[in-house]
Amino acid sequence: MLPTLNGRIQTRVFVLLVIGGLWTLVISPLIGQPYAATFVVLLAVIVLGVGWELIYHLVQQFRWEKDWPTLFGLLTAINEGALLWLLISVGAVPGLPREVPFGAFLVQFLSTWIIVWVVVNGPMRVPFVHWRFRGGRLI
């Protein structure tokens, strides 16, 4: 059984909040950005991610197995990151306290994405062994 749309959304939000939030605490001083800016970017990733899950769900309906390879989950960083950067650069992300340098955005976004992807596709499968059999729900 494959994770349901609702389960994928729950998983994305939960892991980005917990793992992404902890990583943002660590990386913000390293990239020289205030927490206010990096956490707004993380929140934007979460909010836009829910919309992306709806689009991915629609696209998956055209695939025979209604899912796609794990690597696609990693590669979706390209389109999600590009859209988020476009929104940031035109000032469409509310709450950013100042201009975000592209380099800082890229380091935060890509490192967070890779860490979250590794956690979801690795260690998270150990304590949540039945995750895939409950429609992707954590609880």
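**Quick word on the packing of aromatic side chains**
Part 1 of the argument: Scanning the entire structure with this criterion turns up six aromatic pairs.
Part 2 of the argument: Relative to Phe-39, the ring of Tyr-35 has its centre 6.2 Å away and its plane inclined at 45°; by these criteria the two rings are tilted. With Tyr-35 and Phe-39 both in helix α2 (residues 35–60), this residue pair falls four residues apart, about one helical turn.
Part 3 of the argument: On the basis of relative accessible area, Tyr-35 is assigned to the partly exposed category, the value being 39%.
Part 4 of the argument: Classification of Phe-39 as partly exposed rests on a relative accessible area of 31%.
Part 5 of the argument: Grouping aromatic residues by their ring pairs yields a cluster made of Trp-85, Phe-102, Phe-105, Phe-109 and Trp-113.

**Structural notes on α2**
Part 1 of the argument: Helix length check: α2, at 26 residues, gives a terminal C-alpha distance of 36 Å against a target of 38 Å (1.5 Å per residue), a fit within 8%.
Part 2 of the argument: When the local axis directions of α2 are compared, the greatest deviation, roughly 25°, occurs at Gly-49.

**Notes on the nonpolar core**
Part 1 of the argument: Counting residues in hydrophobic clusters, the biggest one holds 20 residues, and the most contacted among them are Leu-16, Leu-84, Ile-88, Val-93, Phe-105 and Phe-109.
Part 2 of the argument: Sorting the residues of this core by element identifies α1 (5–31), α2, α3 (70–89) and α4 (102–121) as the ones contributing at least two each.
Part 3 of the argument: Setting aside its immediate chain neighbours within four residues, Ile-88 contacts Val-41, Val-93, Leu-96, Val-100 and Phe-105.

**Comments concerning the environment of Asn-79**
Part 1 of the argument: In this fold, Asn-79 is placed in helix α3.
Part 2 of the argument: Sequence separation between Asn-79 and Trp-52 is 27 residues; the distance between their C-alpha atoms is 9.6 Å.
Part 3 of the argument: The contacts of Asn-79, once residues within four sequence positions are left out, are Trp-52 and Tyr-56.

**Section: the UniProt feature "transmembrane region" (unreviewed entry) in the protein**
Part 1 of the argument: Within the UniProt annotation, "transmembrane region" (unreviewed entry) is assigned to residues 12–31, 37–59, 71–94 and 100–120.
Part 2 of the argument: Annotated as residues 37–59, this span is 100% helix and 0% strand, and its ends, taken at the C-alpha atoms, are 32 Å apart.

**Concerning the pattern of salt bridges**
Part 1 of the argument: Going through the model one piece at a time under the given rule, you end up with three salt bridges.
Part 2 of the argument: Arg-12 is paired through a salt bridge with Glu-53; the nearest N and O atoms lie 3.1 Å apart. Pair noted here: Arg-12 is in helix α1 and Glu-53 is in helix α2, with a separation of 41 residues, a long-range link. The pair Arg-12 / Glu-53 is uniform in exposure class, with both members buried.
Part 3 of the argument: Arg-12 is paired through a salt bridge with Glu-80; the nearest N and O atoms lie 3.0 Å apart. With a gap of 68 residues between them, Arg-12 in helix α1 and Glu-80 in helix α3 connect regions that are remote in the sequence. The same class applies to Arg-12 and to Glu-80, which are both buried.

Parameters and conventions
- Residues numbered from 1 in each chain as written.
- Predicted model: local features only at pLDDT ≥ 70, side-chain atom pairs only at ≥ 80, totals over all residues.
- Heavy atoms only, no water.
- Phe/Tyr/Trp six-rings, centres within 6.5 Å; stacked < 30°, edge-to-face > 60°.
- Helix = DSSP H or I, 4+ residues; strand = E, 2+ residues; numbered from the N terminus.
- Buried < 20%, exposed > 50% of the residue type's maximum accessible area, 1.4 Å probe, protein only.
- Expected span 1.5 Å × (residues − 1).
- Bend = angle between axes of the 7 residues up to and from the residue.
- Core = buried A, V, L, I, M, F, W, Y, C linked by side-chain atoms within 4.5 Å.
- Contact = heavy atoms within 4.5 Å.
- UniProt positions renumbered as here; feature names shortened; annotations may be inferred.
- Salt bridge = Lys/Arg side-chain N within 4 Å of Asp/Glu carboxyl O.

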